[in-house]
Amino acid sequence: MNSSWLEVISKSTLFKGVAEEEIPRILDCLNSKVVDYKKNEYVALADEVFNGVGLVLNGEVAVIKENYSGSRTFLAVFKKGDLVGEIIAFYGENKWPATVLAQSDCTIMYIHPEKILDVCDKVCSSHKALISNMVRIISKKAFLLNRKVEYLTIKSMNGKLSKYLLEQYKKAGSSTFTIPLNREELADFLNVSRPSMSRELCKMRDSGIIDFYRESIRIINPVKLEEMLE
């Protein structure tokens, strides 16, 4: 196995607690499959048969919703080491609820969820760790989805932007950080128009609340951002 892939797998949340030397053996037990995709290639289409939980080994993918007119709403972006599809793995529908698009050339390793639950004959500690990790991952994702709903309850543009920027600020632990979405993707995520969002960001900059350059943001006045949420 590619040594760089092995490093990504060993550091992923799904394989937390699994010894690196054990990973090749357990991947063989799980019948894992590695697939390469080109930039802008569809990884999966909405309503297509679910092909397993995906671990991004390299590159980026986006989960999007497309309507009949062809417009897209970005739901999430996943990078190296992230899991895709784990929240629906045990739902029972066996279909992708949204479209997954390669944001760059990428490599994804697929694991069938049934293989994770089917404890091997040796009942090894590595497989037990995998099951425990999957339960934690799904629970965390459900929590994050609930937070996503919170954005829908915020009426104002600056309120939505303030909430998002404060979350990224706290996550980074620094006043300067890079957001994982470009302007178009962020507008889709917040369900607002890109021109209106750009104008609001400029207003925040001109008011001395933030500064920015492309996807890099510097929080100047976090207290004012907090006030805009009220």
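Report follows, based on the coordinates.

Cut-off values and rules
- Residues numbered from 1 in each chain as written.
- Predicted model: local features only at pLDDT ≥ 70, side-chain atom pairs only at ≥ 80, totals over all residues.
- Heavy atoms only, no water.
- Salt bridge = Lys/Arg side-chain N within 4 Å of Asp/Glu carboxyl O.
- Helix = DSSP H or I, 4+ residues; strand = E, 2+ residues; numbered from the N terminus.
- Buried < 20%, exposed > 50% of the residue type's maximum accessible area, 1.4 Å probe, protein only.
- Phe/Tyr/Trp six-rings, centres within 6.5 Å; stacked < 30°, edge-to-face > 60°.
- Lys NZ or Arg CZ within 6 Å of the ring centre and 35° of its normal.
- Pairing = 2+ DSSP bridges.
- Contact = heavy atoms within 4.5 Å.
- Axes fitted to C-alpha atoms, helices over the stretch in contact; angles between N-to-C directions.
- Polar contact = N/O pair within 3.5 Å; in protein donor to acceptor, adjacent residues only side chain to side chain.
- Core = buried A, V, L, I, M, F, W, Y, C linked by side-chain atoms within 4.5 Å.

Some details on the pattern of salt bridges
Taken as a whole and assessed by the stated rule, the structure comprises 9 salt bridges. For Lys 163, the salt bridge goes to Glu 167, with nearest N and O atoms at 3.4 Å. A residue pair is termed a helical-turn pair when its members lie 3 or 4 positions apart in one helix, as Lys 163 and Glu 167 do in helix 5 (residues 157–172) at 4 residues. In this structure, Lys 163 and Glu 167 share a single accessibility class: buried.

Concerning the packing of aromatic side chains
What the rule picks out here adds up to 1 aromatic pair. One Lys or Arg, Lys 163, reaches over the ring of Tyr 151 and ends 5.7 Å from the middle of that ring.

Digging into the sheet that holds strand 6 (residues 83–84)
Read from one edge of the open sheet, 4 strands run 1-8-3-6, paired in antiparallel fashion. A strand with exactly one partner marks an edge of an open sheet, and here the two such strands are strand 1 (33–37) and strand 6. Sheet analysis places strand 3 (residues 53–58) next to strand 6, joined by 2 bridges and oriented antiparallel. From the neighbouring strand, Gly 54 faces strand 6, where its bridge partner is Val 84. Against the sheet, helix 1 (residues 3–11) makes contact with strand 1, strand 3 and strand 8 (106–111), and its axis sits at roughly 130° relative to strand 3, the strand it touches most.

Here we look at helix 6 (residues 183–190)
Among the 8 residues of helix 6, 7 are classified as buried, and the element is accordingly described as predominantly covered. Restricting attention to buried positions, one finds in helix 6 the residues Arg 183, Glu 185, Leu 186, Ala 187, Asp 188, Phe 189 and Leu 190. You can read the cap of helix 6 off the contacts: a side-chain oxygen lies 3.1 Å from the backbone nitrogen of Glu 184, and it is on Asn 182. One or two steps after helix 6, the chain reaches Asn 191, where phi turns positive at roughly 60°.

Examining the nonpolar core
Of all hydrophobic cores here, the largest spans 39 residues; its most connected members are Phe 15 and Val 61. For this core, the element with the most residues is strand 8, which contributes 5 residues. Apart from residues lying up to four places away in sequence, Phe 15 is in contact with Ile 9, Ser 10, Ile 23, Ile 26, Leu 27, Leu 30, Met 109, Ile 111, Leu 130 and Asn 133. Leu 101, Ala 187, Leu 190 and Ile 217 belong to the second-largest nonpolar core, a separate cluster that totals 28 residues.

Here's the deal with unusual backbone geometry
Non-glycine residue Asn 40 carries a positive phi angle of around 70°. Residue placement: Asn 40 occurs in the loop between strand 1 and strand 2 (42–44). When its relative accessible area of 53% is taken as the criterion, Asn 40 is described as exposed. In the Ramachandran plot, Arg 214 falls in the positive-phi region, its phi being about 55° despite a non-glycine side chain. Among the secondary structure elements, Arg 214 is positioned in the loop between strand 10 (210–213) and strand 11 (216–219). For Arg 214, a relative accessible area of 60% corresponds to the exposed category.

Here we look at the pairing of strand 8
Among the 6 residues of strand 8, 6 are classified as buried, and the element is accordingly described as predominantly covered. By the bridge criterion, 5 bridges tie strand 1 to strand 8 in an arrangement that is antiparallel. From the neighbouring strand, Tyr 37 faces strand 8, where its bridge partner is Cys 106. Bridge analysis of strand 3 against strand 8 gives 5 bridges, and the strand direction is antiparallel. Pairing of Asn 58 across the sheet is with Thr 107, part of strand 8.

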